[in-house]
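If you want the building blocks of each chain, they are given just below.
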Amino acid sequence: MSTFAAAVLFTGVLAYAVLGGADFGAGFWDLTAGGAGRGRRPRHLVDESLAPVWEANHVWLVFCLVMLWTGFPTAFAAITTTLYIPLGLAALGIVARGAGFAFRKVLVRTDQQRLAGAAFAISSVLAPFMLGTVVGGIASGRVPADGHGDPITSWVNPTSLLGGTLAVLTCAFVAAVFLTAEARRRDDVELEAWFQRRSQVVAGVTGAVALAGIAVLRADSPRLFDALLTRGLPLVLLSAASGLAALLLVRRLAPRLVQGLAVLAVAAIIAGWGTAQYPYLLVPHTTISEAAAPAATLWSLTIVAALALVIVVPSMVLLFVLAQRGSLESH
Amino acid sequence: MRGHTAAMGVLAEAVPLLAADSSQVLPARQMMAFTLGFHIILVPFGVAFTAIMLIANYRGIRHGDETALQLARRWSLVAGVLFAVGAVSGTVLSFELGLLWPGLMGRYGAAFGIPFAVEGLFFFVEAIFVAIYIYGWERMRPWPHFWSGVPIVISGVGGTSSVVAANAWMNMPGGITVEDGRVVDVRPLEIFFTDAFWYEAVHMLLAAYMVAGFVIAGVYAVGMLRGRRDRLHRLGLAIPFAVAAIATPIQVVVGDVAAREVHQNEPAKFAMIAALPETGTRVPEVLGGVLVDGEVRYGIEVPLMASILAGFDPDTEIQGLDAIPPDERPAARLVNTVHLAFQVMVAIGSALLGLALWGGFSWWRHRRLPENRLFLACTAVSGVAAVVALEAGWVVTEVGRQPWTVVGLLRTEDAAPTTGNLWPFFGATVVLYVAIAFGTFYVLRLLRERWRAAEAEGEADPGGEGDVPYGPSRARAGDRS
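The structure presented is a predicted model; accordingly, all values stated were derived computationally and were not measured.

### Topic: helix H10 (residues 233-249) of chain A
All names here are of chain A. Between its first and last C-alpha, H10 extends 24 Å over 17 residues, near the 24 Å set by a 1.5 Å rise per residue. Along H10, the residues classified as buried are Ser 239, Ser 242, Gly 243 and Ala 246. For H10, the angular spread of the buried residues around the axis is 100°, confining them to a single face. Facing away from the buried side of H10 by over 90 degrees, the exposed positions are Pro 234, Leu 237 and Leu 248. Lining the buried residues of H10 we find helix H7 (158-185) and helix H11 (255-277).

Now the structure itself:
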């Protein structure tokens, strides 16, 4: 039962990493798009494609938090009393990002747009970085079972910094691939090439960082390293293969297929992390079943998850279909 | 901005004093109060404003009323901005439950979290359909577009009720079995539907409709006071005012029932509300007044009234503060806060009832709302007043629960973190929220100016919100950058 609840929680993490990640990554491209003149068109595309979907994608984060604190309350408290600095910064980043994005849509003067846009774009990089360091802290065993771990080294450490960097890079990668497809849908050849080029560059950089990361993990988190190379190996290879395929075939395949490959690459590496730390929730202190809430709570969460499957997933599909068909136009 | 500077000054003084203190109760409480107080203002706009918008939309399609359609479309833009800020400021509260109250979540998350899981579902539905509705004006057909807004209203009711269920559980915890300080079994339905749930949820939902209704009506009342007495302004005042005016009398009755339930279920909170030092019967109602050295001073006494209100009988006994065990007895300043906040809420509620009756009477006799300056001025301030009442109500229920976070089970000092220093986090949050509050006002003013400029130009509408309510707009394509 507790494993099932953990699987539901982890599904939420996957959904947020892919969907929320694409939104964060769009902020990364917004940030690096250059001056007001040069960056106008990519920013416009970011704006139009994000506007209808980012709030729905964002709810996955709330879903994960609620699943974690209800299903595994002691582990949640252990995480928040240890990693409160990166979590707090991520929370503030999320606020600045959402507000900045919503404001920029209405503002017209360039200097004001720039200010709101900067709030949106900088925090779009800050928030996933911080969440990545949190993952690194948990995966490398720096969150004690009773919490109150070291407030600094729990997230300023090699594994966490690797986690944060990879989070930012994978977000940027998924976003570039999604925005390439979005530009294609709008028949904007120039913009399609703009994002395509960037998706290739960032795919290469992500691969290089991931390779370097192997050495980092070996030195800093031998337990995670071993698990990734044994139980997690198929998923790690799958991620590497789909990432590489996306990089090499981006010009030949339909954008939709590349999108699928990119999603697979990200989902597989996150699933790899999950597999590597199973059966622990807080490596190596607390297992999933030790941290689990009473059975009745887990049953309640299961019912909520089932309802989500019946109500939320079709609604979300409707939203994406309408957005893809161009039925939702920003003002 | 002046309040902000003052707050920072207080903060600067407090930091060195408290940085060494391992207990983080004070910053945790202040930060929760600040962020919840901020977020709660936005809640009515996600929950109730969307319903008001749909009423205008319905009227627009059903009766071919172009003005109503234009209002609905403008309101959806405003709702879009407010929903975004509300969604992210609500997410901060989720983080804060862990960052500020690890003792609560670690011990009772298994119970307390269940209503939040239900709320998560509603939040999903709300976010999805808000997006479809707001961005669906151009390309969707009128009726499907209208129906895409209906799930927002339903999930607003469901989501609010779920969050309030969690709060009600903190006031009247039930449905759990605790062994050795650990929750070993939960009964989810008992957790969700506590005795406090019904009146708290209905009270909050009606409050949301009142706040949204009076604030929006107030905005158009200001416009009319400044001489803009066109149909757009009249209708923009009438629709939200009607919603608020229907909610207000119901709220007065629900509030009255809620007060009696609190008397039964939460005697300690009721003692704070009444600022009653000693248990007794034939208790007078004290209007205003503060508790100093165990005595209420400077208040106006209405003989027997508190007992009559609590039980329809002057001999109704009301528990005083003396009935609370000494180590659980709240400090006088907390009692005074709750006592005065309750009175502010009731006073504003009564004044708003008067305004609602005034408007309702005019509608009954003349089929239109009054348009004299006094009525418009009252309506103009009614929105701010309703927000103040909403905040005061939350002060009553939250401060009135102290020293408990979960009544009888968990004291607030045991819920707060024992390590770290929350003051810098709090400071950064205040700065960011002030900037966002400023940005929100600025952006909404900008929308208004744009609409005005469009009206002045007559036909052309640069935002594309007015001229062709359904179907692609003419002036959109080249305008955005």
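### Things to note about the nonpolar core
Generally speaking, nonpolar side chains in soluble globular proteins are found buried as a group. If you look at the biggest cluster of nonpolar residues, it comprises 262 residues, and the most contacted ones within it are Phe 72 of chain A together with Trp 75 and Leu 237 of chain B. The contacts of Phe 72 of chain A, once residues within four sequence positions are left out, are Ser 2, Ala 5, Ala 6, Leu 9, Met 67, Leu 281, Ile 288, Ala 291 and Ala 292 of chain A. Listed in part, the 14 residues of the second largest apolar core include Val 18, Ala 227, Ile 270 and Ala 276 of chain A.

### Looking at the pattern of salt bridges
Throughout the structure, instances matching the rule amount to 24 salt bridges over all chains. Ionic pairing is found between Glu 190 of chain A and Arg 41 of chain A, a salt bridge with its closest N-O pair at 3.4 Å. Linking Glu 190 of chain A in helix H8 (residues 189-220) with Arg 41 of chain A in helix H2 (residues 40-50), this pair joins segments that are 149 residues apart in sequence. In this structure, the salt-bridge partner of Glu 371 of chain B is Arg 234 of chain B, at a minimum N-O distance of 2.6 Å. Taken together, the residues span a long stretch of sequence, with Glu 371 of chain B in the loop between helix H12 (332-366) and helix H13 (373-399) and Arg 234 of chain B in helix H9 (residues 231-265) at a distance of 137 residues. Glu 371 of chain B gets classed as partly exposed once you look at its relative accessible area, which sits at 24%. Bridged by salt links that share partners, the residues Asp 30, Arg 43, Asp 47, Arg 104 and Lys 105 of chain A form one connected network.

### Here we look at the state of the cysteines
Inspection of every chain in the model, using the stated rule, returns 0 disulfides over all chains. Left unpaired, Cys 64 of chain A is separated from the closest cysteine sulfur, that of Cys 171 of chain A, by 13 Å.

### Looking at the side chain of Thr 133 of chain A
Counting through the fold element by element, Thr 133 of chain A comes out in helix H6 (residues 110-139). Once residues within four sequence positions are removed from consideration, Thr 133 of chain A is found in contact with Pro 86, Trp 155, Ser 160, Gly 163 and Gly 164 of chain A.

### Quick word on the environment of Trp 29 of chain A
Along the chain, the position of Trp 29 of chain A falls in helix H1 (residues 2-31). Each residue touching Trp 29 of chain A, except ones within four places of it in the same chain, is listed here: Ala 172, Ala 175, Ala 176, Leu 179, Trp 194, Phe 195, Arg 198 and Val 202 of chain A.

### Let's talk about the interface of chain A and chain B
Listed per partner, the contact involves 68 residues of chain A and 67 residues of chain B. For the pair chain A and chain B, the summed buried area comes to about 5900 Å², and 75% of that belongs to carbon and sulfur atoms. In this assembly, chain A and chain B are joined by 0 salt bridges. Where chain A touches chain B, the interface holds 8 residue pairs in polar contact (both at pLDDT 80 or more). Looking at the side of chain A that touches chain B, the elements that each hand over two or more residues are H2, helix H3 (54-71), helix H4 (73-82), helix H5 (84-106), H6 and helix H13 (295-324) of chain A.

Thresholds, definitions, all that
All residue numbers refer to position in the chain's written sequence, counted from 1. Ligands are numbered from 1 and chains lettered from A, in the order in which they are written. This being a predicted model, a pLDDT of at least 70 is required before a residue's local features are given, and a value of 80 or more before pairs of side-chain atoms are given or counted; all residues contribute to the totals for chains, interfaces and linings. Excluded from the side-chain calculations are hydrogens and water; all other atoms, namely the structure's heavy atoms, are used. Secondary structure elements are taken from DSSP: a helix is a run of H or I of four residues or more, a strand is a run of E of two residues or more, and numbering for both begins at the N terminus. Multiplying one less than the number of residues by 1.5 Å gives the expected span of a helix. Relative accessible area decides the class of each residue, using a 1.4 Å probe on protein chains only: under 20% of the type maximum gives buried, over 50% gives exposed, and in between gives partly exposed. To obtain the arc, one takes the directions from the helix axis to the C-beta atoms. Two residues qualify as a contact provided that any one of their heavy atoms is within 4.5 Å of a heavy atom in the partner residue. What makes a nonpolar core is a set of buried Ala, Val, Leu, Ile, Met, Phe, Trp, Tyr and Cys residues whose side-chain atoms join them at distances within 4.5 Å. Throughout this description, the term salt bridge denotes a Lys or Arg side-chain nitrogen within 4 Å of a carboxyl oxygen of Asp or Glu. Our working definition of a disulfide is a cysteine sulfur pair at a distance within 2.5 Å. Two parts placed together each lose some accessible area under a 1.4 Å probe, and adding up what both lose gives the buried area. As used in this structure description, the phrase polar contact means that two N or O atoms lie within 3.5 Å; if the pair is within protein, one of them must be able to donate a hydrogen and the other to accept it, and residues adjacent in sequence are counted only when both atoms belong to side chains.

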